[in-house]
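# Examining the three-dimensional arrangement
Now for the letters of each chain:
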Amino acid sequence: MPSIDGKRFLASLHALGECGALEGGGVNRLALTDADKSGRDWAVNRMRELDMDVTIDAIGNIVAVYRGTEELPPVMTGSHIDTVRTGGLYDGNYGVLAGLEVIATLRDRGIRSRRPIAVAVFTNEEGARFQPDMMGSLVYVGDLPLEQALTTQDAEGRTVGEELERIGYRGHEAVGSPRVDHFVELHIEQGPVLHRRGIPVGVVEGVQGISWTEFTFEGVSNHAGTTPMELRSDAGYVAACLTTFAHDLALGYGGRQIATVGSVRLTPNLVNVIPNRAVVTVDLRNTDAQALERAEREVLAFAMQAAQTQKVTCRHRSLARFDPVAFDASVVDLVAREAERLGLNVLRMPSGAGHDAQMLARVCPTGMIFVPSIDGLSHNVREDTAPDDLIQGTQLLLQILLRLANRPS
Ligand code: HGY
Ligand code: MN
Ligand code: MN
């Protein structure tokens, strides 16, 4: 098996990290911003340098194909290069650049596998600006109508379609092409498990369920100094109650239940005005589908009750909802086998984060490989992974892609 060029690969991570680089470290490449465009341009340019056939589809997914010796559906890898506002160098970027390093290694040696190998950059995996997350891959597999995705708005009212047009990535290729033979995504764990246990490879068995809900509470703005407590309709207070309720509910459930209130927007957001409006997001996740549904019901019931007590109205809408996903057992076993062939210790585990792989799993045999995140940090500018782990993970990806691309049937 050919060995990747670790130095070249690490340099590519830092080169892409220049696109949308934040002062003091980290990256801000929110989906479809100019920074995302600069990252996309960098990736497309690299794909073309590697003589790959690059297509851009109607939702902006970029698919680059390294031709095989036979015209067959490609084995695909890839991930995303959009980030959260306080992103790191590796979330998503690692999987895309590792895929390109695999191609560069094969090309250096003039190796052509039987099946083509594709590297994909999926649009708006993060869902930080436009919801749901994994938007591009969900459209790619046909489970989110293209029109619905294109008309999705951000908080300022700009649509996905307009922003794709503006950055020059509203492609003409029909979504979902090419049809994919297998999909394998390499990603950092983004949690503490592998690093804490000193294990270099996570064999990902699936992804936990994800539920994002936006609550809008509306009360009455009033003077902070003259309004007696019993006369208030304080939307901000209901938002605070919901925040602590969701947190305590997750602690009470135990197991893998987690809850996050990541965004609270108060209006008019002034020190001496009782807020008349609060828009709150609640992110609930669990590997257990029933427990997740129960948590959703309890959070909704509490929100309605708390609003009523404060004489505040409550509206809610789902921003994203995905059931737990199990990856294809044969791909999961292949990841474990190839890691062991490299003499690497492995741990079979679920993914806490959502990934494009959970969407590709709807249309082809799919699996994921994790490498450790130092101190489990991610969605944080200090996100970091040891260079050896990054290189080992890429070498493992190369072996798995070649096994799949060269298999006889
Ligand atoms: O939210 C997630 O799990 C992913 O980062 N989109
Ligand atoms: Mn990611
Ligand atoms: Mn992420």
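Parameters at a glance
Residues numbered from 1 in each chain as written. Chains lettered and ligands numbered in written order. Predicted model: local features only at pLDDT ≥ 70, side-chain atom pairs only at ≥ 80, totals over all residues. Heavy atoms only, no water. Donors = N, O, S within 2.8 Å, 3.2 Å for Na, K, Ca; no water. Helix = DSSP H or I, 4+ residues; strand = E, 2+ residues; numbered from the N terminus. Near = heavy atom within 4 Å. Polar contact = N/O pair within 3.5 Å; in protein donor to acceptor, adjacent residues only side chain to side chain. Areas by Shrake-Rupley, 256 points an atom, 1.4 Å probe, with all protein chains shown as cover. Nonpolar A, V, L, I, M, F, W, Y, C, P; charged D, E, K, R; others polar. Buried < 20%, exposed > 50% of the residue type's maximum accessible area, 1.4 Å probe, protein only. Domains from an automatic or database assignment. Contact = heavy atoms within 4.5 Å. Buried area = accessible area lost by both parts, 1.4 Å probe. Salt bridge = Lys/Arg side-chain N within 4 Å of Asp/Glu carboxyl O. Disulfide = S-S within 2.5 Å. Pairing = 2+ DSSP bridges. 1 Å grid on protein atoms, 1.4 Å probe; cavity = no way out; pocket = protein on both sides within 12 Å on 5 of 7 lines; lining within 4 Å. Points joined across faces, edges and corners; volume = space filled by probe spheres on them. Axes fitted to C-alpha atoms, helices over the stretch in contact; angles between N-to-C directions. Expected span 1.5 Å × (residues − 1). Arc of directions from axis to C-beta.

## Overview of the coordination of the manganese ion (ligand 3)
Binding of the manganese ion (ligand 3) to the protein goes through D91 (OD), E126 (OE), E126 (OE) and H379 (NE2), at separations of 2.2 to 2.6 Å. Sequence spacing among the residues donating to the manganese ion (ligand 3) works out to D-x34-E-x252-H. In this structure, the manganese ion (ligand 3) is positioned 3.6 Å from the manganese ion (ligand 2), and both are ligated by D91. Remark: H379 occurs in the loop between β15 (366–371) and α12 (387–406) and E126 occurs in the loop between β4 (117–121) and α4 (135–140); sequence separation between them is 253 residues.

## Let's talk about the coordination of the manganese ion (ligand 2)
In the first shell of the manganese ion (ligand 2), the protein supplies H80 (NE2), D91 (OD) and H187 (NE2), at 2.1 to 2.3 Å from the metal. Spacing between the donor residues of the manganese ion (ligand 2) along the chain follows H-x10-D-x95-H.

## Points about the site of ligand 1
Lining the immediate surroundings of ligand 1 are E125, E126, D133, W212, R285, A353, G354 and H379. R285 is positioned with one of its side-chain polar atoms (N or O) 2.7 Å from an oxygen atom of ligand 1. In the environment of ligand 1, an oxygen atom lies 3.3 Å from a nitrogen or oxygen atom belonging to the side chain of H379. Here ligand 1 loses 96% of its free accessible area of 210 Å² to cover by the protein chains. Class assignment for the residues of the shell around ligand 1 results in two nonpolar, two polar and four charged.

## Overview of unusual backbone geometry
Glycine aside, the phi torsion of most residues is negative, and most peptide linkages are trans. Put simply, S177 and P178 share a cis peptide bond, and its omega is 5°. Note that P178 resides in the loop between α6 (160–167) and β5 (182–188). With an omega of 5°, the peptide bond running from T267 to P268 counts as cis. With respect to the secondary-structure elements, P268 resides in the loop between β9 (258–267) and β10 (273–274). Non-glycine residue L32 carries a positive phi angle of around 70°. For L32, the location among the structural elements is in the loop between α1 (6–17) and α2 (34–49). What makes L32 buried here is its relative accessible area of 0%. One non-glycine residue, N269, lies in the positive phi region at around 60°. By the secondary structure assignment, N269 is in the loop between β9 and β10.

## Regarding the domain arrangement of the protein
According to the domain assignment, the protein contains domain 1 (6–208 + 324–406) and domain 2 (209–322). With 18 residues of domain 1 at the interface, the matching set in domain 2 holds 13 residues. Counting the surface lost from both domain 1 and domain 2, the interface buries some 1,100 Å², and carbon and sulfur atoms represent 63% of this. Interface area lost by domain 1 to domain 2 is led by Q131, Q208 and P324, which between them contribute 49%. Across the contact surface, domain 1 and domain 2 share zero salt bridges.

## Comments concerning the state of the cysteines
Taken as a whole and assessed by the stated rule, the structure comprises zero disulfides. You can see C241 has no disulfide; the closest cysteine sulfur is in C314, sitting 12 Å from it. Exposure remark for C241: the relative accessible area of 16% places this residue in the buried category.

## What to know about the pairing of strand β2 (residues 62–66)
Within β2, five of the five residues are buried, which leaves it mostly tucked inside the rest of the structure. Of the pairings in the sheet, the one linking strand β1 (residues 53–56) to β2 comprises four bridges and is antiparallel in character. The residue of β2 that forms the bridge with V54 is A64. In terms of strand pairing, β2 meets β4 through five bridges, oriented antiparallel. Note that in β4 the partner of I62 across the bridge is V121.

## Description of empty space enclosed by the protein
Here the structure, examined in full by the defined rule, presents two cavities of 30 Å³ or more. Taken as a whole, the largest cavity holds about 50 Å³ of empty space. Contributing elements (two or more residues each) for the lining of the largest cavity: α1, α2 and α3 (93–108). Partitioning the lining of the largest cavity into residue classes produces four nonpolar, one polar and three charged. Approximately 30 Å³ is the volume found for the second largest cavity. Every residue along the wall of the second largest cavity is listed here: T83, V84, G87, G88, D91, E126 and H379. Considering only residue class, the lining of the second largest cavity consists of one nonpolar, four polar and two charged.

## Details of the sheet that holds strand β7 (residues 209–218)
Strand order in the open sheet made by the four strands is β9-β11-β7-β12, with antiparallel pairing throughout. The sheet is open, and its two borders are formed by β9 and β12 (313–322), each paired with just one other strand. Here the strands of the sheet are splayed against their neighbours by 15° on average, with no regard to which way each runs. Pairing of β9 with strand β11 (residues 277–286) involves eight bridges; the strand directions are antiparallel. When the bridges of β11 are listed, V264 appears paired with V280.

## Observations concerning helix α9 (residues 289–309)
Compared with the 30 Å implied by 1.5 Å per residue over 21 residues, the 31 Å span of α9 between its first and last C-alpha is a close match. Of the positions making up α9, those classed as buried are A291, L292, A295, V299, A303, A306 and A307. Seen from one end, α9 has its buried residues packed into an arc of 130°, which puts them on one side. Structural note: α9 exposes Q290, R297, Q308 and T309 on the side pointing more than 90 degrees away from its buried face. Contact partners of the buried residues in α9: β7, α8 (235–253), β11 and β12. For α9, the N-terminal cap is D288; the gap from its side-chain oxygen to the backbone nitrogen of Q290 is 2.9 Å. A positive backbone phi angle near 55° is found at K311, which sits one or two residues after α9.

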